Amino acid sequence: MKIGLICTFVSQGILSLLNLFISILILREQGVEQFGVYSLVFFLGLTCISFQNAVVNSPLSTELNRVRSASFGRLLGYYNITNLFYCLIVLAVAAIASWIIGVSFSVLVMYLMALLMREFWKGVLFCLNDAVLVMVMDLLFAATTTAGLLLLVPDSVDGTLLIIGATMWSFSLVVLFRPVLRRLSGLATCWRFFLRHVWHKARWTLVGVLTTELHSRSYLFLTGSFFGTGAVGTLQSARIPFGPLSLMITAWSRFSRPLLSRWKLEKLEERRLTYLFASLGSFAVMNLVFFALLWLLWDYAVEFVFKDLDAGLFDIVILWFVLTLFLHLRTSVSVYHQANSDFRFVSMTGIHGLVLTLVASGLVIALDEYRWMPLALVAGEIWMLFLLLKPIVMKRA
């Protein structure tokens with residue numbers, strides 16, 4: 001378990017540094033307007049991954065703990081076909097998004113398809129306990145992408161996405177050479193399997209993902225609609241330092257969800273709770289230490305990354321720190337409930353958080369101060385964390 005967890009964090013750390021490098025490069029070379037466009041594309045990709053997790057990756061990670069090894073290939077084939085159907089749906093989304101955001105449709109499609117295929121096969125490898133291969137793939141992907149961006153130095157978001165998408169495709173295809181991952185199944189059989197074994201979980205995870213995505217991403221589109229892409233670029237610029245931390249919780253979730261599910265089957269509830277509270281404490285300490293270092297080194301960060309932006313940017317950085325802290329805590333507890341198959345409870349909690357966030361966002365828009373937009377997200381995260389922790393604390397007591 002320790003080796004897998006370490007490799008998972010290393011893998012996500014590599015991707016976090018890569019995303020930080022890309023953000024700084026676009027901000028310095030292409031300006032805040034182009035960075036605002038890239039931020040919208042990046043968060044569209046994260047949104048597509050979230051829905052993919054709901055209908056494909058999360059059910060797969062829990063099902064593999066219950067299936068015999070002889071049936072593994074067939075089960076994987078079902079989910080493989082399901083993922084391909086999901087990619088077709090994303091094609092339609094990309095057609096609309098490319099027109100709204102202002103990027104090339106072909107480039108956006110290549111980027112999103114590469115991202116989704118890569119995430120699916122990485123999820124399969126994590127279920128196979130092959131975190132070492134994932135780490136090696138991510139290291140090669142990051143090195144190749146960095147080299148491409150430094151050598152070509154694209155002057156537009158389209159060029160940047162083209163390089164990233166091309167390298168993602170190359171390393172997504174590497175894993176297909178593993179025979180166990182090449183299994184496909186018939187469409188009719190796959191559809192029956194989905195309705196019988198997946199939909200009862202996926203319907204609630206879809207609701208949960210929809211509300212969570214609206215809660216966590218709506219500020220981008222509200223800010224862009226009412227204040228312009230420049231305001232989006234400024235907000236996202238202040239969030240750049242916390243990009244690596246935000247992606248670390250993704251790594252923890254990907255590793256911990258099947259682990260907590262397996263311990264649930266083995267009736268090791270005390271170990272599950274110990275693991276959860278240890279993770280909560282670790283994320284709290286990590287965020288506090290990171291913010292303290294950022295505060296001490298802020299003058300250097302301004303000179304290196306934010307020299308052309310408003311000097312008052314640190315006020316927004318403080319709000320992003322508070323949001324990142326509560327986002328980590330809430331996500332950790334949410335994964336615990338997902339491992340219990342409490343998808344309906346998690347979804348209803350997300351609806352409560354979404355309502356509070358939208359109300360708070362309306363107040364920010366009415367006050368005509370986009371810099372306070374992170375506060376709307378903080379309010380929703382705190383409320384959801386309270387609702388998710390309540391049954392655990394009561395059970396523990």
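Residues numbered from 1 in each chain as written. Predicted model: local features only at pLDDT ≥ 70, side-chain atom pairs only at ≥ 80, totals over all residues. Heavy atoms only, no water.

A. Geometry of the packing of helix α9 (residues 243–265) against helix α10 (residues 269–296). Axis separation between α9 and α10 bottoms out at 11 Å; the angle between their running directions is 175 degrees. Here α9 lies roughly antiparallel to α10, going by the angle between them. Taking contact as the criterion, the partners of Leu 245, Ile 249, Trp 252, Phe 255, Ser 256, Leu 259, Leu 260, Trp 263 and Lys 264 in α9 are, on α10, Arg 271, Arg 272, Tyr 275, Ser 279, Phe 283, Met 286, Asn 287 and Phe 290. In the contact of α9 with α10, the residues fall into 11 nonpolar, 3 polar and 3 charged. (Axes fitted to C-alpha atoms, helices over the stretch in contact; angles between N-to-C directions. Helix = DSSP H or I, 4+ residues; strand = E, 2+ residues; numbered from the N terminus. Parallel < 35°, antiparallel > 145°, perpendicular 65-115°, else oblique. Contact = heavy atoms within 4.5 Å. Nonpolar A, V, L, I, M, F, W, Y, C, P; charged D, E, K, R; others polar.)

B. Representation of the environment of Phe 126 within the structure. Tracing the backbone shows Phe 126 in helix α4 (residues 105–127). For Phe 126, a relative accessible area of 9% puts it in the buried group. Considering only alpha carbons, one finds Phe 126 and Arg 254, 128 residues apart in sequence, at a separation of 7.6 Å. Those residues in contact with Phe 126 that sit more than four places away from it in its chain are Thr 8, Ala 131, Val 134 and Arg 254. (Buried < 20%, exposed > 50% of the residue type's maximum accessible area, 1.4 Å probe, protein only.)

C. The packing of aromatic side chains, seen in detail. Taken as a whole and assessed by the stated rule, the structure comprises 9 aromatic pairs. Ring geometry for Trp 252 and Phe 283: centres 6.0 Å apart, planes at 80 degrees, overall edge-to-face. Of this pair, Trp 252 sits in helix α9 while Phe 283 sits in helix α10, placing them 31 residues apart in sequence. By the burial criterion, Trp 252 is buried, and Phe 283 matches it. Considering the side-chain rings of Trp 383 and Phe 386, the 5.5 Å spacing of their centres and the 20 degrees angle between planes classify their relative orientation as stacked. A residue pair is termed a helical-turn pair when its members lie 3 or 4 positions apart in one helix, as Trp 383 and Phe 386 do in helix α14 (residues 373–396) at 3 residues. Under the relative-accessibility criterion, Phe 386 is labelled partly exposed at 45%. Site record: aromatic cluster; members linked through ring pairs are Trp 252, Trp 263, Tyr 275 and Phe 283. The aromatic ring of Phe 141 is capped on one face by Arg 118, whose charged end is 4.3 Å from the ring centroid. (Phe/Tyr/Trp six-rings, centres within 6.5 Å; stacked < 30°, edge-to-face > 60°. Lys NZ or Arg CZ within 6 Å of the ring centre and 35° of its normal.)

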